[in-house]
Structures are given as structure tokens and as C-alpha cells.
Amino acid sequence: MHEMGVAMQMVEIALSSIPKNINNPRIKKINLKIGELTAIVEDSFKFCFKIITEDTPLKNAKLIIESVPVKAQCQNCNHTWDVKNSVFTCPGCEKGTVDLISGRELEILSLEIEE
Amino acid sequence: MEINIQEKILRANDDMACKNRKYFTEKKVFVLNMMSSPGSGKTETLCKTLKKITPEIKTGVITGDICTTNDADRLKKTGVAAIQINTDQFGGDCHLAAHLIEKAAQNLNLKNLDLLIIENIGNLVCPAEFDIGEDAKAVVLSVTEGEDKPLKYPLMFQEADIAILNKIDLLPYLDFDLKEAVKNIKQVHPKIPVFEISAKTEQGFEPWIKWLKTSVKSKLMVL
């Protein structure tokens, strides 16, 4: 699984975002946005994060994950809907090409540093 | 104190993929990323495809596996340049990332190629998440795997531009419902072209070869 690789990239961004002028910074929370269509297993991701942050200012930081539902839009009739059970066929006209509007997010939003 | 970041976690990979895409376009090469679960017949499909498109379409292959050079060895026998990436040197990654492609592509003479096919590591989950700088993605599903795979792995089938349904020569011996499988693929990706083939008997290859040749020529014409 690729959760370790994704967690490592996230940790790299988080560590480089900590202001250099803070002595012994401790990070309380990391706010993330993860789309429901991404292939990330939350438990595995958190497990990997814990292992790789043992000796860093991110140790014990809480991962706050905002889950983003999968939304699609039909190019033919412009109908927008929440995709459930992997059904990407437009419920309006059943024939249009479908654009994915959300569900692929994999973003780090912010860090909360202990003061 | 809250530090605002608002950044894509895979930005480093996406940036490298963008760089790869630009480089491949400069070299006038169409790049296809082929993905599937292990054992779906990607390598055999490629071997038979190469036999049909070369030398008309000058092709190179990058193939990824955790270990062994078996696939590159098989592909080289068709006469094309094939580069093997083994991810055990990089922690046994289950997918090819953009930086691995950048490195591997340096060992190919892209100036002399029209088409680069990247055979990803067998896995229906992780490779779908990583842009490697390709022009199109193909997913291969074989009839020995089960009709519901597209519903179980929606990201892969949603990301793919075409689907290849392989090993159809085995249909008489299986309970596999071909109509149901195509219906499931189209449920996840309504407009996706589906090519039903047998890499063993070469049945059904014509529409797939036509798609491939047209895609390569369309890119060259635009440039």
C-alpha cells in the first residue's frame, strides 16, 4: 500500500511549514482534506504517520481528517449528484460524459502549534 | 497558533509528472500508462501488441515490478528497447511514481520513439493515485478476476481512459459474466472504450491496435 509514501510526503510538507523562529515547536493538530475516492485507508495512514514522526515535532500530533464526498456532474444535462456505490452514470439523463467535481482531494490544510 | 498551508500532499509527484509530460511532448512521444492487478496479462498483451505495431510505430517500454527483470527480458525479445524498474531498491513501492519514470526515461532514446508504454506494477489500488506524466491510462482486467472488480476499485476505472478485458479465450471454461463486467466498468466510467481481447489467441486486437495507433498519430499531428 502507498499510505507510507503519502504520509512521508505529508510529513515533509508539515515539517517545512513550521516557522524557523519557534524553539522546540510541538504540533498539536494537522488538518487534512481527503476525498472519498482516493485510495487512502485512514487507519493505515495514521499508523504510518505515528511511526515516522516519533523523533520529530509532529510526535503525538492529532490528524484531523475532513472527508470529502464524491460529487459528479453530467456534461450533457449539467445534473450534479453525490456518487454512491461507484455509480457514475448520470441519474438525470443516463447518457452524458461525467466530470468528477470532488472526491480526489489529498491536501494538507494547516498545522496547529502549541503555544 | 495555526499555520495555513493549503497544499496538495502529492505536489512533489505532480510537479515531476508535469515535467515528464512536457519532456515527452518535446520529444514527440505519446505515453501510455498500463495498469492492472498482478497476472491480468499486461506483459503478454504488450508483447503481442508490439509485434503488431512495430516497426510502423517506434515503441519503447518501461516496466515496473518490485523484483526481477522477467518482464523486461520478455519484452526485449520483441525487439523493442525495454527498461526495467525494480522498486525493492526504493523500499518496495507498490506503484511507479513520476521520479522513477524521469530516471528510467533517461535510458531510452526518446528522439527515436513515437510511443512509450509504461507497464505499471501489478496493483489495482495505488498506481491510480499517482500521475507519472502519461497522455493516457489503460486498465487491463482479465476474465479470471471477477466481474465486480470495477466496483471494488472505482478510482482505477474512473481514472483510466480505456479498459482492456483480457483472456476472453477462457470464457467457455469460466462462470464469468462478460456483459455484467462491461456493465460494471461503464457504471464507474460511462464513456470508457472497452476492448475485449485474448492476448494468447490475439482475438479482438484490431480495435485496440486502432485506438493505440490513432492516439499516437493524433498527438504527433497536434505538435
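Placed above this text is the structure.
In this report, we go over the structure that sits alongside the text. (Residues numbered from 1 in each chain as written. Chains lettered and ligands numbered in written order. Predicted model: local features only at pLDDT ≥ 70, side-chain atom pairs only at ≥ 80, totals over all residues. Heavy atoms only, no water.)

This next bit is on the overall build of chain A. Each helix and strand counted, chain A has two helices and six strands in total. Mapped from its N terminus to its C terminus, chain A presents α and β elements in the order α-β-α-β-β-β-β-β. Against the globule reference of 13 Å for 115 residues, chain A gives a C-alpha radius of gyration of 18 Å, more extended than a compact globule. Seen through its principal axes, chain A has C-alpha atoms that stretch 60 × 30 × 15 Å. (Helix = DSSP H or I, 4+ residues; strand = E, 2+ residues; numbered from the N terminus. Rg over C-alpha atoms; globule rule 2.2 N^0.38 Å.)

Below, the discussion takes up the packing of aromatic side chains. Two measures describe an aromatic ring pair: the distance that separates the ring centres and the angle between the ring planes. Residue and element names in this part refer to chain B. Summed over the entire model, instances satisfying the criterion amount to three aromatic pairs over all chains. Ring geometry for Phe195 versus Trp208: centroids 6.5 Å apart, planes at 50 degrees, classification tilted. One end of the pair, Phe195, is in strand E8 (residues 194–196); the other, Trp208, is in helix H8 (residues 205–222), and 13 residues separate them in sequence. Ring plane angle 15 degrees and centroid distance 6.2 Å describe the contact between Trp208 and Trp211, whose orientation is recorded as stacked. Of this pair, Trp208 and Trp211 both sit in helix H8, three residues apart, roughly one helical turn. Since its relative accessible area comes to 0%, Trp208 is described here as buried. (Phe/Tyr/Trp six-rings, centres within 6.5 Å; stacked < 30°, edge-to-face > 60°. Buried < 20%, exposed > 50% of the residue type's maximum accessible area, 1.4 Å probe, protein only.)

Quick look at the interface of chain B and chain A now. Each side of the interface is counted separately: chain B has 29 residues, and chain A has 34 residues. The junction of chain B with chain A conceals about 2800 Å² of combined surface from both sides, 61% of it contributed by carbon and sulfur atoms. Between the two partners, chain B and chain A, sit two salt bridges. Here chain B is connected to chain A by 16 residue pairs in polar contact (both at pLDDT 80 or more). Where the side of chain B that touches chain A is concerned, the elements lending two or more residues are strand E1 (2–8), helix H1 (11–26), helix H6 (154–159) and helix H7 (178–188) of chain B. Of all the elements, E1(B) adds the most residues to the side of chain B that touches chain A, at seven residues. Class assignment for the residues of the side of chain B that touches chain A results in 16 nonpolar, six polar and seven charged. Pairing geometry for strand E6 (residues 106–113) of chain A and E1(B), over five bridges, is antiparallel. Within E1(B), the residue paired with Ile108(A) across the bridge is Glu7(B). (Contact = heavy atoms within 4.5 Å. Buried area = accessible area lost by both parts, 1.4 Å probe. Salt bridge = Lys/Arg side-chain N within 4 Å of Asp/Glu carboxyl O. Polar contact = N/O pair within 3.5 Å; in protein donor to acceptor, adjacent residues only side chain to side chain. Nonpolar A, V, L, I, M, F, W, Y, C, P; charged D, E, K, R; others polar. Pairing = 2+ DSSP bridges.)

None of this, on its own, says anything about what the molecule does.
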